[in-house]
Amino acid sequence: MPRRIQGIVPVALGLFLLAAMPVRAADPEIDRLLQAPVGKDWITNGGNLTNQRYSTLKQIDTTNVKQLKGAWMTRLKGSGLGGKYSLEATPLVKDGIMYMVTGNDDVFALNAKTGEILWEHWSQIGQTISTVCCGWINRGLAMGEGMLFLGQLDANMVALDIKTGKEVWRTPVEDWHNGYGITNAPLYFDGIVYTGITGGEFGIRGRLTALDAKTGKILWRAYTLPAPGEPGGDTWPAGTNHYSRGGASIWNTPALDPELGLVYFAVGNCGPDYDGSMREGDNLFCASILAVNAKTGAYAWHYQQVHHDIWDYDSASPVVLFDTVINGQPRKGIAEAGRTGWVYILDRTNGKPLIGIEERPVPQEPRQKTAKTQPFPIGDAIVPQCAEPMPASGYEKAGCIFEPFWEEPVLIQPSGIGGTNWAPMSYNPETGSFYVSGTIRTSAFARYGDTYKLGLRYVGGTQAAPIGSPMSGTFTAIGGNTNKIVWQHKTPYRVGQGGGSTTTAGGLVFRGEPDGNFLAINAKTGEELWRFQTGFGADAPPAVYEVDGEEYVAIATGGNSLQLSANGDAVWVFSLKGQLGPLWPPPPPQSVAGPAGAVAEGVNTINIGANNVEYSYGPARTRVKTGTAVTFTNVGDIPHTATAFQKGDWDTGMLEKGQSKTVTFSEPGNYYYICAPHPWMYGQVIVE
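So, here's what we can say about the structure.

Cut-offs and rules
Chains are numbered independently. Their residues run from 1 in the order of the written sequence. For this predicted model, a pLDDT threshold of at least 70 governs which residues receive local features, and a threshold of 80 or more governs which side-chain atom pairs are given and counted, while totals over whole chains, interfaces and linings are taken from all residues. Side-chain measures here rest on the full set of heavy atoms in the structure, leaving out hydrogens and waters. Numbering of helices and strands starts at the N terminus; helices are DSSP runs of H or I of at least 4 residues and strands are runs of E of at least 2. The globule rule is 2.2 Å times the number of residues to the power 0.38, and the radius of gyration it is compared with is taken over C-alpha atoms. Only protein chains enter the accessibility calculation, which uses a 1.4 Å probe. A residue is then buried if its area is under 20% of the maximum for its type, exposed if over 50%, and partly exposed in between. Here, two residues are considered to be in contact whenever any of their heavy atoms come within 4.5 Å of each other. The method behind every accessible area is Shrake-Rupley, applied with a 1.4 Å probe, and residues are considered shielded solely by the protein chains displayed. Only four residue types enter the charge count: Lys and Arg as positive, Asp and Glu as negative, with His and the chain ends excluded. Lysine's charge is taken at NZ, arginine's at CZ, aspartate's at CG and glutamate's at CD. Criterion for a disulfide: a pair of cysteine sulfur atoms within 2.5 Å. Think of it as the arc spanned by the lines of direction from the helix axis to the C-beta atoms. The rule for pairing is simple: two strands pair if DSSP sees at least two bridges between them. Inter-axis angles, ranging from 0 to 180 degrees, are taken between N-to-C directions of lines fitted to C-alpha atoms, where helices are fitted over the stretch in contact. Cavity means a closed set of points on a 1 Å grid over the protein atoms alone, one where a 1.4 Å probe fits but cannot get out, pocket means an open set with protein on both sides within 12 Å along at least 5 of 7 lines, and lining means a residue has an atom within 4 Å of a point. Grid points are joined across faces, edges and corners, and a volume is the space filled by probe spheres set on the points. Residue polarity is assigned by list, with Asp, Glu, Lys and Arg as charged and Ala, Val, Leu, Ile, Met, Phe, Trp, Tyr, Cys and Pro as nonpolar; anything else, Gly included, falls into the polar class. Only buried Ala, Val, Leu, Ile, Met, Phe, Trp, Tyr and Cys residues count toward a nonpolar core, and they belong to the same one when joined by side-chain atoms within 4.5 Å.

Summing up its helical and strand segments, the chain has 1 helix and 47 strands in all. Whereas a compact globule of 688 residues would reach a radius of gyration of roughly 26 Å, the chain reaches 24 Å, a difference of no more than 12%. For the chain, with 688 residues in total, the buried portion stands at 67%. Expressed as a percentage of contacts within the chain between residues at least 6 apart in sequence, the contacts between residues at least 24 apart total 64%. Accessible area of the chain: about 22,100 Å², with a carbon and sulfur share of 52%. For the chain, the distance from the average site of its 53 positive side-chain charges to the average site of its 63 negative ones is 1 Å.

Structure follows, in structure tokens:
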């Protein structure tokens, strides 16, 4: 890794994206499109280098969007069809051809006008990768130099020939056995492919990796956990190597400003997630926005959203670059939506707040080495930030954001799965607003300590929504120069996980919902103008493109494993000339935490990961007689547990694929349980 540079890089003057870094013209056409407003093609995950997800197309607008129907719908041959998968990628489109990747890392090329599959590349990725945190996901592709680039769950970066789908090169960015993987859509620009890394729950050392697009050679790595002597290295305990397993994943696609020569990205939570007792200090660059030199990876600036994170408050949503006017002065902005429920709006030249952010004292727990203050952005949060006690469920203690905890469970809102998780926000320069998806969910947090072992989960505690507690969402327009709510929708389901939004010059915002509906909204007023039932969980960000003078809107619909929305393998495309009508609605996702489904009478064998639904117990609810021995068997692909939740302290321990553990229930009662590594999984044993 090249030497890091302290301080701020020089700031060039002028308008964003008009002056570029000297380029090697590796792919001058793609580089030009990446720096231009998005038009007929959608060539990178965020539309262009800004990640604004804003299309200048306006054939479809507020006056005619009600006429939209399906132009085509194509099923991707069963790829990623199963409960362990999510379909969250944005399709790329270039010259009338669409490129799509599924949760199994399989890639398809389709005719963007008709949906005909032109070629397919099957990843053949091993199905027993055990270091997958949060479902099998690939969030998208990059393109350049006649190739498509994709990161895989096995931590390989792969280049495919864009015309044939044949593999051109493959580079191991890391080894998945050590806890690493790739789920983010990479970014291509000027001959370089940029990718993040997953593994924040497995004691990894996060980094941004830059690869030569032609050869796959690794050019440099910019570590998100600084070593002693590097900028930020003094925010980890001196004389320890805790920084080397402190997490700080990059879950999202970077943005890049060619004029300033900087690449920007958001950084995830610290590790172990819920145990800060051994990592005293702010723990940079966890839960931060980070800027590095786009050519060398040298440090430029950072802004930390959460000091000494113990709440799993990842900065997981992609950063967005934008230009605005504040107090009469033109400013270069960068913004990111956090799991805290706030949007953080900064100056992208130096990382300083564009709109005030105040450091305020917060409650303390000395055993957790909590930070004395935390950043509070001036403006509005998109979700509630205080939890209510639930004494009937056994939870007497509840707190607001940054409430500390130790080994007694404490209810906190937003949860670590609240606010905005990965869902990318969009920005419309005509309205000056960001469009932000959010999740309302309270979790019970507790620390239990952990021991680091290479390649195994290393989280130091847990968070899980109390049984019966509501889970819902918000979709909010936030003013880019005020950080205040312009309008807001309350949604019946969580929408902060993966769907996100895309906006257009036609005055529209498009977004999907986990119940299968795809919506068009008036960007200025928030009025819903159109709704279409796709038949599968619509949990992916849309793309907008044009072929032969006709505008199309595309969304992948295949569900999300974390919120159990309806799984599928479909790509829907809509146009004003479309003829296809909606499908029947799928089963809705849960809006209340806890096990669902009918009670199985007398069943004493429970399979984990049954019926290709990795994150599930089957049956989820069973009734047995006192003294019954219940056998839990992991038939899934990755390790799981059945761990007591609210009643008792029984635990199967970690069960690898094929392993079983028997638990005897000797007293009557309701026994709820979760999977410790995947606490969105619930089960119930009713003992009579």
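So, next bit.
Attention now goes to the state of the cysteines. Counting across every chain of the model gives 3 disulfides. Disulfide pairing is shown between Cys133 and Cys134; the S-S distance is 1.9 Å. With relative accessibility at 11%, the residue Cys133 sits in the buried group. For Cys134, a relative accessible area of 22% translates into the label partly exposed. Shown here is the disulfide that connects Cys270 with Cys286, its sulfur atoms set 2.3 Å apart. Across the disulfide from Cys270 to Cys286, rotation about the S-S bond amounts to roughly 115 degrees, and the bridge is consequently right-handed.

Attention now goes to helix H1 (residues 28-35). Along H1, the residues that are buried comprise Ile30, Asp31, Leu34 and Gln35. Mapping the buried residues of H1 onto a view down its axis gives an arc of 130 degrees, with all of them on the same face. In this structure, the buried side of H1 is in contact with strand S3 (92-94), strand S7 (142-144) and strand S11 (187-189).

Looking now at the sheet that holds strand S19 (residues 320-326). Reading across the sheet, the 3 strands line up as S19-S20-S21 and stay open at both edges, with antiparallel pairing between neighbours. Each edge of the sheet is formed by a strand with only one pairing partner; in this case those strands are S19 and strand S21 (343-347). On average, each strand axis in the sheet is inclined to that of its neighbour by 40 degrees, with strand direction left out of account. Judged from the 5 bridges that link them, strand S20 (residues 329-337) and S21 form a sheet pairing that is antiparallel. Of the residues in S21, the one forming a bridge with Ala335 is Ile345.

The volume enclosed by the largest pocket comes to roughly 930 Å³. Lining the largest pocket are 38 residues; nearest its centre among them are Tyr448, Thr462, Thr643, Asp651 and Ala676. By residue class, the composition of the lining of the largest pocket is 18 nonpolar, 12 polar and 8 charged. Its boundaries defined by the atoms lining it, the second largest pocket holds a volume of some 560 Å³. Around the second largest pocket, the lining is made up of 28 residues, and of these Leu564, Gln590, Val613, Tyr615 and Ser616 lie nearest the centre. Counted by class, the lining of the second largest pocket contains 16 nonpolar, 12 polar and no charged residues.

Our focus in this paragraph is the nonpolar core. With 81 residues, the main nonpolar core has Met98, Phe149, Tyr194, Leu208 and Tyr545 as its most contacted residues. Dropping the residues within four chain positions of it, Tyr545 is found in contact with Lys40, Leu57, Trp72, Val93, Met98, Ala112, Glu550, Glu551, Tyr552, Ala554 and Val573. Tyr264, Leu346, Phe445 and Val459 belong to the second largest nonpolar core, which has 32 residues in total.

For the rest of this paragraph, the subject is the environment of Ala540. With respect to the helices and strands, Ala540 occurs in the loop between strand S35 (528-533) and strand S36 (543-547). Along the chain, Ala540 and Ser249 lie 291 residues apart, while their C-alpha atoms are 21 Å from each other. With residues near it in sequence (within four places) discarded, Ala540 still touches Leu87, Glu88, Ala89, Gly498, Gly499, Ile555 and Ala556.

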